[in-house]
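Understanding the architecture of this molecule
Each chain, written out:
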Amino acid sequence: MTTPNRMILLGAPGAGKGTVAKGLVDHLKVTHLSTGDMLRAAVAAGTEVGLHAKTFMDRGALVPDDVMVALIAERVSQDDCKSEDGTVRFLLDGFPRTLPQADALDDRGLGPDAVIHLDVANEVVVGRLTGRRSCPGCGAPYHVEFKQPKVAGICDICDTALVHRADDREEPIRKRLATYSAQTSPLVERYSAELITIDGDNAPSAVLNAVLERVSAGSAG
Ligand code: AMP
């Protein structure tokens, strides 16, 4: 079985990228790079990048390309993004989100072998995200209806109090969807040769199985 070395997860906020990423990491032993998680960690640590990024994130806008490209360029140069023979290997989740970000990957010879596009209707996303609760400790996702923790408001895995992210409220969600449609959805066409489109409006396990099947088969389309 051959699997791609450089993969990108593409999909609107709430399309299920995080869940699919976790499954791909477990099955393919690839390093998962979520720019949303990296930025939230920078915000929590109070770094300069984090404080700057927060002003964009809280209102559902994209952080400027130069900030994001610098962040990801530094991260993919680390050892956990290289296989034993030195081949660069990663799963990008939330990057690229604009055409200039995609260009920046190409410029570094790091264009993707496979782009997994999770396709989900906007109204499904709004329902998923407004009910989403997240663990700031370990990143585990919960949902007020579909995935409740064992103890209300507390992460099952690390006991941290769950949060309702500022950008998971309806107004910023609508803004993030509009941003996705304007700035990120052109990447679907840009990556038509590497694209694997999956219907994301199914149970998480079904979505993951469909992704694994298509990624392992190396089939774009
Ligand atoms: P996410 O968790 O992937 O939905 O990301 C949360 C927020 O982080 C987004 O709404 C953006 O404000 C910011 N962000 C994450 N990745 C990027 C990126 N590649 N380019 C610009 N902004 C980003």
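A few points on the structure.

Definitions and limits used
Residues numbered from 1 in each chain as written. Predicted model: local features only at pLDDT ≥ 70, side-chain atom pairs only at ≥ 80, totals over all residues. Heavy atoms only, no water. Pairing = 2+ DSSP bridges. Helix = DSSP H or I, 4+ residues; strand = E, 2+ residues; numbered from the N terminus. Axes fitted to C-alpha atoms, helices over the stretch in contact; angles between N-to-C directions. Near = heavy atom within 4 Å. Polar contact = N/O pair within 3.5 Å; in protein donor to acceptor, adjacent residues only side chain to side chain. Areas by Shrake-Rupley, 256 points an atom, 1.4 Å probe, with all protein chains shown as cover. Nonpolar A, V, L, I, M, F, W, Y, C, P; charged D, E, K, R; others polar. Phe/Tyr/Trp six-rings, centres within 6.5 Å; stacked < 30°, edge-to-face > 60°. Lys NZ or Arg CZ within 6 Å of the ring centre and 35° of its normal. Buried < 20%, exposed > 50% of the residue type's maximum accessible area, 1.4 Å probe, protein only. Core = buried A, V, L, I, M, F, W, Y, C linked by side-chain atoms within 4.5 Å. Contact = heavy atoms within 4.5 Å. Salt bridge = Lys/Arg side-chain N within 4 Å of Asp/Glu carboxyl O.

Ordered by their spatial adjacency, five strands build an open sheet running β2-β3-β1-β4-β7, and the pairing between neighbours is parallel. With one partner strand each, in any of the chains shown, β2 (32-34) and β7 (195-199) form the two edges of the open sheet. Taking the axes of each pair of neighbouring strands and ignoring which way they run, one obtains an average angle of 20 degrees across the sheet. Here strand β1 (residues 6-11) runs beside strand β4 (residues 114-119); their pairing, made up of five bridges, is parallel. Across the sheet, L9 pairs through a bridge with I116, a residue of β4.

The ligand sits among 16 residues. The nearest are T35, R40, A61, G94 and Q101. At 3.0 Å, a backbone N or O of V63 approaches a nitrogen atom of the ligand. Here the ligand loses 96% of its free accessible area of 480 Å² to cover by the protein chains. With four residues, the single largest contributor to the shell around the ligand is helix α2 (residues 35-45). Split into classes, the residues belonging to the shell around the ligand amount to seven nonpolar, four polar and five charged.

Counted according to the given criterion, the structure contains zero aromatic pairs. Above the plane of the ring of Y142 lies K147, whose end atom (NZ or CZ) is 4.6 Å from the centre. The lysine or arginine in question, R190, covers the ring of Y191, its NZ or CZ lying 5.9 Å from the ring centre.

Our next topic: the environment of A206. The topology assignment puts A206 in helix α9 (residues 204-217). Owing to a relative accessible area of 38%, A206 belongs among the partly exposed residues under this scheme. Note: C-alpha distance between A206 and N122 (84 residues apart in sequence) is 20 Å.

Okay, the nonpolar core next. Ranked by internal contacts, the top residues of the largest apolar core, which has 55 residues, are I116 and V211. In this view, V211 contacts V20, L24, I116, L118 and I198; residues no more than four positions away in its chain are not counted. The next biggest cluster of nonpolar side chains, apart from the first, holds five residues, and it includes C135, A140, Y142 and L162.

Overall, the coordinates contain 13 salt bridges when judged by the stated rule. With a closest N to O distance of 3.0 Å, E123 and R174 form a salt bridge. Of the two residues, E123 is situated in helix α6 (residues 122-130) and R174 in helix α7 (residues 170-184); the sequence distance between them amounts to 51 residues. With a closest N to O distance of 3.1 Å, E170 and R174 form a salt bridge. Note that E170 and R174 are positioned in helix α7 at a spacing of four residues, about one turn of the helix. Overall, the relative accessible area of 43% leaves E170 in the partly exposed class. For R174, a relative accessible area of 35% translates into the label partly exposed.

Spatial relationships are all this shows, so hold off on functional conclusions.
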